[in-house]
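Below, each chain spelled out in residue letters.
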Amino acid sequence: MTLDELKRLFKKQIPAAYESLKEAEAMPEGEVKRYKISAAIEVIEKAQDILESCSSDLKSKDELILAHRAENVPRERTAMIFFDYVNTQPTRAIKNLKALEDLAYKRLLNLLNNQEICSEDLSNTTQQSMADRLKAREQRMKG
């Protein structure tokens with residue numbers, strides 16, 4: 001996953017998924033409603049799974065910001081947690097929150113990439129160890 005894909009997920013796809021859920025509430029029962037709901041839930045769960053896989057390694061500040069994005073919490077509400085000047089300078093607070101968000105996305109991407117590298121290493125080690133055991137078995141059978 002690239003940084004742009006990660007940002008698109010949290011900034012565009014999640015809000016669209018929540019909007020789709022709202023639209024689906026007003027729809028009559030049927031195939032279209034079920035599809036809208038299932039597609040929206042799939043996007044939301046993808047984001048939550050990503051966060052869960054990295055939650056132990058994320059800074060609490062980053063985790064809170066990303067969790068709020070995943071739950072479609074308005075930025076103004078998130079900004080209230082971090083900046084006491086949100087009521088007097090809301091534009092500045094939102095701008096600063098967006099900067100923190102961008103840093104959180106970069107840290108999350110680094111963690112995801114590290115997990116991917118670790119799982120590849122583990123997979124390669126497992127495959128190598130299986131190959132070694134097969135060679136040893138073949139040698140025992142020959143010898």
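Residues numbered from 1 in each chain as written. Predicted model: local features only at pLDDT ≥ 70, side-chain atom pairs only at ≥ 80, totals over all residues. Heavy atoms only, no water.

## Regarding the confidence of the model for the protein
Here is step 1: Overall, the prediction assigns the protein a mean pLDDT of 88, with 90% of residues at 70 or greater.
Here is step 2: When mean pLDDT is compared element by element in the protein, helix 1 (residues 3–26) scores highest at 94, while helix 5 (residues 90–142) scores lowest at 81. (pLDDT = per-residue confidence, 0-100. Helix = DSSP H or I, 4+ residues; strand = E, 2+ residues; numbered from the N terminus.)

## Focus on the packing of aromatic side chains
Here is step 1: Tallied over the entire structure, the rule returns three aromatic pairs.
Here is step 2: An angle of 45° between the planes, with centres 5.7 Å apart, marks the rings of Phe-10 and Tyr-105 as tilted. Linking Phe-10 in helix 1 with Tyr-105 in helix 5, this pair joins segments that are 95 residues apart in sequence.
Here is step 3: Accessibility expressed as a relative area gives 0% for Phe-10, which makes it buried.
Here is step 4: Here the aromatic rings of Phe-82 and Phe-83 are separated by 6.3 Å at their centres, their planes lie at 50°, and the arrangement is tilted. (Phe/Tyr/Trp six-rings, centres within 6.5 Å; stacked < 30°, edge-to-face > 60°. Buried < 20%, exposed > 50% of the residue type's maximum accessible area, 1.4 Å probe, protein only.)

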